[in-house]
Amino acid sequence: MVSNKIQPSKLFPVFLTFIVMGFVDIVGVSTGYVQKDFGLSDSMAQFIPSMVFIWFFVFSIPVGILQDKIGKKKMMNLGIIITILGLLIPFIYYSFVVVLIAFVFMGIGNTIVQVAASPLLQEVTPKEKLSSFLSLSQFIKAITSLTGPIIATYLAITYDKWILVFVVYALISLANVIWLSMTKIEENIKSESPATFSSCMKLLTNKFVLTMVIAIFLIVGADVGMNSNIQGFLMKLHGLTLENASYGISIYFTALMISRFVGAILLQFLKPVFFLVTTTVLAILGTLLIMFSTTEMMAYIAIFIVGLGAGNLFPLVFSIAINKMPSRSNEISGLLIMAIVGGAIIPPIMGYVSSTSGIIGSLIVLVSCFAYMLIIPFAAKRDKADMA
């Protein structure tokens, strides 16, 4: 049985895992600093976010299967420990290759944390409160994503060592492991028919499911590409310093945070497909505004608009897909989580386009990713017979 009442002693350490989940978003500001430290090209620098997000494709379903066997709390602690290792590796020896290895560990750890977090929250939350707590958890994660670039920039300016932000994150992660390990959580919710590799892969032959998987691939790719390229946009279009350009990332995550909070309220009244189209158009307009911005302030406003539009795209696509085929939710969830690998593919494409065609070319890649979302309303209207 799911908990019938809220127990703060169990809820708070689980909520803290969503803060740890947000640590991986430091890859955005890290990309700019590592590129500067080692004199990397745009295309080489974009391999850093790739090292994080490729593991969602490799490990999402295996982690889910293993989680059924060893339990959610143990799986969560394993993910956080691997994250801590990744955070500490650059202090052994700071080089581009070592940074890549560090983000490999962070990526694997974050994959495990993301797979385990929501099911673990379900174990400590009353059933009727789960949706609101899931929305709150994403809001908490957005706060972490927002403060990361601020902390890194402060440490870079004050101590000339931006990488100290990893120490802050490692200490918080360690506290989370200790607190969660000391918290007794009874895991009573079991999957009656867990997803398998074969059932997931077979679903890709369904046109609706394939459309939604590609949508998640592009949404995450666009989000990571935006996050890791904001510094470059501002530096190349408006001549800002790296430190000043880094604040653009905080503006983006502020917009994401506001978008998710407001979206949780508006979706009580608006249909998901309508809201998806509206926010997609907003994200496209914001990206175009960056492209044609003539001042620094105009670019900051455009970045904020993109964040407002992009903030709810992932949960919207996820909910539309699950609600369309509720009987296949396990398989669809596995496929959608695997599609997060888009965060490893789109940024290098943007980096290559930027190196060959200029920064405007990489912005066109973003517009294309967002524009794909406008296909979803047509896919969602397919006859239920096609969903079999």
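Residues numbered from 1 in each chain as written. Predicted model: local features only at pLDDT ≥ 70, side-chain atom pairs only at ≥ 80, totals over all residues. Heavy atoms only, no water.

Enquirer: Would you explain the packing of aromatic side chains in this entry?
Expert: Centre-to-centre distance and the angle between the planes together describe a pair of aromatic rings. A full pass over the atoms with the stated rule returns 7 aromatic pairs. Geometrically, the ring pair formed by Tyr33 and Trp162 is stacked, given 5.5 Å between the ring centres and 10° between the ring planes. Of this pair, Tyr33 sits in helix H2 (residues 27-38) while Trp162 sits in the loop between helix H7 (130-159) and helix H8 (165-181), and the two are 129 residues apart along the sequence. For the pair Tyr33 and Trp162, a shared accessibility class is recorded, and that class is buried. Through successive ring pairs, a cluster of aromatic residues spans Tyr33, Phe103, Trp162 and Phe166. (Phe/Tyr/Trp six-rings, centres within 6.5 Å; stacked < 30°, edge-to-face > 60°. Helix = DSSP H or I, 4+ residues; strand = E, 2+ residues; numbered from the N terminus. Buried < 20%, exposed > 50% of the residue type's maximum accessible area, 1.4 Å probe, protein only.)

Enquirer: Help me out: how do you make sense of the packing of helix H4 (residues 47-70) against helix H5 (residues 72-88) in this one?
Expert: A pair of packed helices is characterised by two quantities: the angle between their axes and the separation of those axes. Running from N to C, H4 and H5 point in directions that differ by 125°, and their axes come no closer than 7 Å. Comparing the axis directions of H4 and H5 gives the class oblique. Contacts between H4 and H5 involve Val63, Leu66, Gln67 and Ile70 on the former and, on the latter, Lys72, Lys74 and Met75. Residues that form the contact of H4 with H5 fall into these classes: 4 nonpolar, 1 polar and 2 charged. (Axes fitted to C-alpha atoms, helices over the stretch in contact; angles between N-to-C directions. Parallel < 35°, antiparallel > 145°, perpendicular 65-115°, else oblique. Contact = heavy atoms within 4.5 Å. Nonpolar A, V, L, I, M, F, W, Y, C, P; charged D, E, K, R; others polar.)

Enquirer: So what exactly am I meant to see when it comes to the side chain of Ser60 here?
Expert: Mapping Ser60 onto the fold places it in helix H4. One polar contact links the side chain of Ser60 to the main-chain carbonyl oxygen of Phe56, over a distance of 2.9 Å. In this structure, Ser60 is in contact with Trp55, Thr111, Val115, Gly334, Ile337 and Met338, ignoring residues within four places of it in sequence. (Polar contact = N/O pair within 3.5 Å; in protein donor to acceptor, adjacent residues only side chain to side chain.)

Enquirer: Teacher, can you tell me more about the side chain of Glu123 here?
Expert: Its place among the elements puts Glu123 in helix H6 (residues 96-123). Using a relative accessible area of 4% as the deciding quantity, one classes Glu123 as buried. Reaching out from Glu123, the side chain makes a polar contact with the side chain of Lys72 at a distance of 2.5 Å.

That is the geometry; function is a separate question.
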